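These are the residues of each chain, in order.
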Amino acid sequence: MSRPRRVVLGTTAIFVGAAASLACLAAILTTTLGFSTHPIAVLFATLLYGCIPAVVLAFVCGAPLAILLHPVRNQWIHVLAFAGLGSVLGVWLAALIRISSGADTGLMGLAAAVMGVSTAAGRLSVWKLARVNVNDLPPADGRIDS
């Protein structure tokens, strides 16, 4: 009896995914908020102030999700799961902002979409870093991996 194939990513992938997610978030915020303010200021503020929270969220939320998804070989499911995680984090963050500032509820949907796209882009950026363990499969299973 063989164990299923597993997708394995290391800490380098977590840092790369967090950086790509933050870069995507900075690009989205720069293009959407940059028209009303200085776009370069928005870009640098997002990258500077978002660096530590992005890495912390990657280890606290992203790594456990990646561990839960170990048995799933299809990486598109991983990308969709990370998009869902980002959407939940976006709604949570928007709810905190709404409580403190009284912003409208449209902010929650926008934050969910932006964070979902950003985290999906972060997971998509480490697609090639993922390796699939096939050592546990018998050699005569008829499947060919590339």
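Above this text is the structure in question.
As the structure is a computational prediction, the values presented were derived from the model and not from experiment.

Peer 1: I'd love a proper account of the nonpolar core, names of residues and values included.
Peer 2: Within the largest apolar cluster, six residues are counted, these being L22, L25, A54, L89, V114 and M115. Those elements that provide at least two residues to this core are α1 (11–33) and α4 (106–125). Residue contacts for V114: discarding those within four places in its chain leaves L25 and I28.

Peer 1: So what about the packing of α1 against helix α2 (residues 39–68)? Which residues, and what values?
Peer 2: At their nearest, the axes of α1 and α2 sit 8 Å apart, and the two run at 145° to each other. Our pair here, α1 against α2, has a crossing hand that is right-handed. Two secondary-structure elements touch here, α1 through T11, I14, F15, A18, L22, A23, L25, A26, L29, T30 and L33 and α2 through P39, V42, L43, T46, L47, G50, C51, A54, V55, A58, F59 and A63. Residues belonging to the contact of α1 with α2 are distributed by class as follows: 19 nonpolar, four polar and no charged.

Peer 1: Mind laying out the layout of surface pockets, listing which residues take part and the relevant values?
Peer 2: Here the largest pocket is characterised by a volume of approximately 1,200 Å³. Lining the largest pocket are 46 residues, and of these S21, A54, L57, M115 and T119 sit closest to its centre. When residues of the lining of the largest pocket are traced back to their parent elements, those giving at least two are α1, α2, α3 (75–101) and α4.

Peer 1: A description of the packing of α1 against α4 should follow, citing residues and the corresponding values.
Peer 2: Axis separation between α1 and α4 bottoms out at 7 Å; the angle between their running directions is 140°. Between α1 and α4, the angle falls in the class oblique. The handedness of the crossing between α1 and α4 comes out as right-handed. Within the contact between the two elements, α1 uses V16, G17, A20, S21, C24, L25 and I28 and α4 uses V114, M115, V117, S118, T119, A121, G122 and S125.

Peer 1: Explain the side chain of S21 to me, and be specific about the residues and the numbers.
Peer 2: With respect to the secondary-structure elements, S21 resides in helix α1. Judged by relative accessible area, S21 falls into the buried class, the value being 15%. Only 3.1 Å separates the side chain of S21 from the backbone oxygen of S118, close enough to count as a polar contact. Among residues more than four places away in sequence, those in contact with S21 are S118, T119 and G122.

What counts as what
Residue positions are given per chain, counting from 1 as you read along its sequence in written order. Owing to the predicted nature of the model, reporting of local features is limited to residues with pLDDT of at least 70; listing and counting of side-chain atom pairs is limited to 80 or more, with chain, interface and lining totals taken over all residues. Heavy atoms throughout the structure, all of them, feed into the side-chain values; hydrogens and water do not. Grouping buried Ala, Val, Leu, Ile, Met, Phe, Trp, Tyr and Cys residues that are joined through side-chain atoms within 4.5 Å yields what is termed a nonpolar core. Three exposure classes are used, based on accessible area relative to the maximum for each residue type with a 1.4 Å probe and protein chains only: buried under 20%, partly exposed in between, and exposed over 50%. Elements are defined by DSSP. Helices are runs of H or I of four residues or more, strands are runs of E of two residues or more, and each kind is numbered from the N terminus. Residues count as neighbours in contact if any of their non-hydrogen atoms are within 4.5 Å of one another. Under this scheme, a helix contributes an axis fitted over its contacting stretch, all axes are lines through C-alpha atoms, and angles between N-to-C directions fall in the 0 to 180 degree range. Here is the rule for handedness: rotate from the far helix to the near one, and if that takes an anticlockwise turn smaller than a right angle the crossing is left-handed, while a clockwise turn gives right-handed. Under the grouping applied here, Gly and all other residues not named as nonpolar or charged are polar, the nonpolar ones being Ala, Val, Leu, Ile, Met, Phe, Trp, Tyr, Cys and Pro and the charged ones Asp, Glu, Lys and Arg. Buriedness for pockets is judged along seven lines, at least five of which must meet protein on both sides within 12 Å for an open set on the 1 Å grid over protein atoms alone, while cavities are sets there where a 1.4 Å probe fits but cannot get out, and lining residues have an atom within 4 Å of a point. Grid points are joined across faces, edges and corners, and a volume is the space filled by probe spheres set on the points. Should an angle fall under 35 degrees it is called roughly parallel, over 145 degrees roughly antiparallel, and 65 to 115 degrees roughly perpendicular, with every other angle called oblique. Under the rule applied, a polar contact is a pair of N or O atoms within 3.5 Å (in protein, one hydrogen donor and one hydrogen acceptor; residues adjacent in sequence only if both atoms are side-chain atoms).

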